[in-house]
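Fold and geometry: a report
Residue strings, one per chain:
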Amino acid sequence: VDDGAEAHAHRSVDFDDFERLFVAEASPAGGAKERKSAKTLKKKKAVGPLIDPQRAMNGSIQLARIRRPPSEIRSAIGKLDDNGFTTEQLSAMATLLPTSKELMALERYRGDVKLLTAAEQYMLAMATLPHAPLLLEILLFKHQFREHITELDRQAMVFESACDEVKGSRRLQRIFQ
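Note that the structure is a prediction, hence the values are computed from the model and not measured.

Describing the confidence of the model for the protein
Residues with a pLDDT of 70 or more make up 73% of the protein, whose mean pLDDT is 79. Predicted confidence is poor over residues 30–46, with pLDDT under 50, and the contacts of this stretch with residues over four places away or in other chains come to five contacts.

Re a nonpolar patch on the surface
On the surface, Phe141, Phe145, Ile149 and Leu152 cluster together into a nonpolar patch covering about 410 Å² of accessible area. Here Phe141 is to be found in helix α9 (residues 132–168).

Overview of the packing of aromatic side chains
Applying the stated criterion across every chain yields a total of one aromatic pair. Consider the rings of Phe141 and Phe145, whose centres lie 5.7 Å apart with planes at 35 degrees: the pair is tilted. Residue Phe141 and its partner Phe145 are both found in helix α9; the two are separated by four residues, about one turn of the helix. Residue classification places Phe141 among the exposed residues on the basis of a relative accessible area of 55%. The aromatic ring of Phe85 is capped on one face by Arg68, whose charged end is 4.3 Å from the ring centroid.

A closer look at the nonpolar core
What tends to happen in soluble globular proteins is that the nonpolar side chains get buried as a cluster. Ranked by size, the top nonpolar core spans 23 residues in total, and within it Ile73, Ile77, Met93, Tyr122, Met126 and Leu136 carry the most contacts. Counting only elements with at least two residues in this core, the list comes to α4 (53–66), α5 (70–78), α6 (87–95), α8 (118–127) and α9. Element by element, the count of residues in this core is highest for α9, at five residues. In contact with Ile77, other than residues within four places in its own chain, are Met93, Met126, Leu129, Leu135, Leu136 and Leu139.

Considerations on the packing of α5 against α8
The interhelical angle for the contact between α5 and α8, taken along N-to-C directions, is 35 degrees, at an axis separation of 9 Å. The chirality of how α5 crosses α8 is right-handed. Residues Pro70, Ile73, Arg74 and Ile77 of α5 touch α8, and the partners they reach there are Gln121, Tyr122, Ala125 and Met126. Looking at the contact of α5 with α8 residue by residue, the classes come out as six nonpolar, one polar and one charged.

A short note on the pattern of salt bridges
Inspection of the entire model under this criterion finds five salt bridges. Note that Arg55 and Glu102 form a salt bridge whose closest N and O atoms lie 2.6 Å from each other. Of this pair, Arg55 sits in helix α4 while Glu102 sits in helix α7 (residues 100–108), placing them 47 residues apart in sequence. Accessibility expressed as a relative area gives 22% for Arg55, which makes it partly exposed. Here Glu72 ties to Arg68 by a salt bridge, and the two come within 3.7 Å at their closest N and O atoms. For Arg68, a relative accessible area of 22% corresponds to the partly exposed category.

Describing α7
Taken together, the buried positions of α7 are occupied by Glu102, Ala105 and Leu106. When α7 is viewed along its axis, its buried side chains cluster within an angular range of 100 degrees and face the same direction. Set apart from the buried face of α7 by more than 90 degrees, the exposed residues are Ser100 and Arg108. Those residues of α7 hidden inside the fold are in contact with α4 and α8.

Concerning unusual backbone geometry
Note: most peptide bonds trans; most residues except glycine with negative phi. At Arg67, a position not held by glycine, the phi torsion is positive, near 60 degrees. Relative to the helices and strands, Arg67 resides in the loop between α4 and α5. Its identity as a non-glycine residue notwithstanding, His131 has a phi of 60 degrees, on the positive side. Topologically, His131 is positioned in the loop between α8 and α9.

Conventions adopted
Residues numbered from 1 in each chain as written. Predicted model: local features only at pLDDT ≥ 70, side-chain atom pairs only at ≥ 80, totals over all residues. Heavy atoms only, no water. pLDDT = per-residue confidence, 0-100. Contact = heavy atoms within 4.5 Å. Patch = residues over 30% accessible without salt bridge, like charges linked within 9 Å, V, L, I, M, F, W, Y side chains within 5 Å. Areas by Shrake-Rupley, 256 points an atom, 1.4 Å probe, with all protein chains shown as cover. Salt bridge = Lys/Arg side-chain N within 4 Å of Asp/Glu carboxyl O. Helix = DSSP H or I, 4+ residues; strand = E, 2+ residues; numbered from the N terminus. Phe/Tyr/Trp six-rings, centres within 6.5 Å; stacked < 30°, edge-to-face > 60°. Buried < 20%, exposed > 50% of the residue type's maximum accessible area, 1.4 Å probe, protein only. Lys NZ or Arg CZ within 6 Å of the ring centre and 35° of its normal. Core = buried A, V, L, I, M, F, W, Y, C linked by side-chain atoms within 4.5 Å. Axes fitted to C-alpha atoms, helices over the stretch in contact; angles between N-to-C directions. Left-handed = near helix turned anticlockwise from the far one by under 90°. Nonpolar A, V, L, I, M, F, W, Y, C, P; charged D, E, K, R; others polar. Arc of directions from axis to C-beta.

Now the structure itself:
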């Protein structure tokens, strides 16, 4: 056992040789593409977060479920067109509206919009929409109104059925006589 430990202690690792053997090199055909994506990655890192990173990540996840670019979302909301949006999506869009602090940070940004996160791009698009919070509130009301009417209809039918049961009850008639 001592000989194995002693032999292990005398071994040295040649990291240059290790890299040469195990690190894959870029092929000439894909080299330009890989260099370009590496440059893009560096640029994206250079921008830095304009909004809270956690909020940016959560917002990007919510916006990925909507599957529409921010400009299209902005246009639909501006026209009060709720086709294709669920109540949950409209609610998420309302929570993703920029705060005054975020709005100031976004207004100061002068770089390429494509380098921003999806949430930041959405906030930037919505910042230029007059009365965006009110428009989203209207769309949410419109969606929820349908749901509320359906629920009220169901409750009215239950109430009506209960009234019919009370009216037709022989036992209750006998009690009141």
